[in-house]
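So you can see what is in the structure, the chains are spelled out below.
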Amino acid sequence: MSTTSTSSLHCTFRVAGLDFGVAVEDVQEVLRHQEMTPVPRSPEAVRGLINLRGQIVIALDLRLRLGLPARAADERPMNVIVRNRGEVVSLLVDDIGDVIDTSEHRLEPVPSTVPLTIQGAVRGVLSLPDSILLVLDPDRAVDVPTAPDATGGTP
């Protein structure tokens with residue numbers, strides 16, 4: 001079973017050698033590496049906060065969120081700023097690609113061989129002439145599981 005993608009323009013980027021895309025209407029902007037302020041006691045995927053022209057934005061490492069290998073310490077991630085449920089979130093990615101028109105392609109279900117952590121964050125896949133594009137669902141991608149507080153306290 002296949003479905004038609006709701007958007008024909010996708011902002012593309014790479015994470016751990018995989019090609020991802022997100023509908024352009026979900027993207028506010030893309031930025032080079034930004035200095036981040038760490039957030040104590042946050043989930044591992046939350047790498048910090050960035051100051052986006054006075055707006056404080058959470059930066060989420062897409063590699064860690066998707067269960068992919070961590071980025072080398074000397075590699076600086078790029079920021080894909082997405083709008084999510086009325087908020088703005090930065091997705092940290094390896095490289096930014098182009099905006100591509102996918103109107104000639106049909107969104108297909110995610111193959112079962114894709115790891116569950118990735119399946120849970122994408123809407124489907126687009127088979128392009130030279131690659132497979134994993135179409136990210138920004139709402140699901142920014143849902144970061146949190147570990148229960150192990151420090152005690154009142155339930």
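The structure this text deals with has already been given above.
Below or above, wherever it landed, is the structure these notes cover. (Residues numbered from 1 in each chain as written. Predicted model: local features only at pLDDT ≥ 70, side-chain atom pairs only at ≥ 80, totals over all residues. Heavy atoms only, no water.)

### Description of the overall build of the protein
What counts, and what does not: Helix and strand assignments follow DSSP, with helices taken as H or I runs no shorter than four residues and strands as E runs no shorter than two, numbered in order from the N terminus. Only protein chains enter the accessibility calculation, which uses a 1.4 Å probe; a residue whose area is less than 20% of its type maximum is buried, one above 50% is exposed, and one in between is partly exposed. Between two residues, a contact is recorded if the distance between any of their heavy atoms is within 4.5 Å.
Along the backbone of the protein there are three helices and ten strands. Going from the N terminus to the C terminus, the protein shows its helices and strands as β-β-β-β-β-α-β-β-β-α-β-β-α. The buried share of the protein, taken over its 155 residues, is 40%. The long-range fraction of contacts in the protein, counting pairs at least 24 apart against all pairs at least 6 apart in sequence, stands at 56%.

### Side note on the nonpolar core
Note the cut-off: Side-chain atoms within 4.5 Å link the members of a nonpolar core, which is a set of buried Ala, Val, Leu, Ile, Met, Phe, Trp, Tyr and Cys residues.
With 27 residues, the main nonpolar core has Phe 13, Phe 20, Leu 62, Leu 91, Ile 118 and Leu 136 as its most contacted residues. Secondary structure elements with two or more residues in this core: strand S1 (9–15), strand S2 (18–23), strand S6 (78–84), strand S7 (87–93), strand S9 (122–127) and strand S10 (132–136). With residues near it in sequence (within four places) discarded, Leu 91 still touches Leu 60, Leu 62, Met 78, Asn 79, Val 80, Val 82, Leu 136 and Val 142. Counting eight residues, the second-largest nonpolar core is a separate cluster that includes Leu 31, Leu 52, Ala 59 and Leu 92.

### Considering the sheet that holds strand S5 (residues 55–61)
Applicable threshold: Should DSSP find at least two bridges between two strands, the strands are taken to pair. To get an axis, fit a line to the C-alpha atoms, keeping to the stretch in contact for a helix; angles then go from 0 to 180 degrees between the N-to-C directions.
Pairing in this open sheet of five strands is mixed, and the strands run S3-S6-S7-S5-S4 from one edge to the other. A single partner strand is all that each edge strand has here, and the edge strands are strand S3 (27–31) and strand S4 (46–52). Pairs of neighbouring strands in the sheet enclose a mean axial angle of 30°, with direction left out of account. Where S3 meets S6, four bridges bridge the pair, whose relative direction is antiparallel. Note on S6: the bridge partner recorded for Val 27 is Val 82.

### Quick look at the pattern of salt bridges
Rule in force here: Should a side-chain nitrogen of Lys or Arg be within 4 Å of a carboxyl oxygen of Asp or Glu, the pair is scored as a salt bridge.
Per the counting criterion, the structure on display carries ten salt bridges. With its nearest N and O atoms 2.5 Å apart, the salt bridge here joins Arg 14 to Asp 19. With relative accessibility at 33%, the residue Arg 14 sits in the partly exposed group. Between Arg 53 and Glu 29 there is a salt bridge, and its shortest N-O distance comes to 2.6 Å. With a gap of 24 residues between them, Arg 53 in the loop between S4 and S5 and Glu 29 in strand S3 connect regions that are remote in the sequence. A residue is classified by how much of its surface remains accessible, and Glu 29, at 17% relative accessible area, is buried. Through salt bridges with shared partners, a single network forms among Asp 26, Arg 123, Asp 137 and Arg 140.

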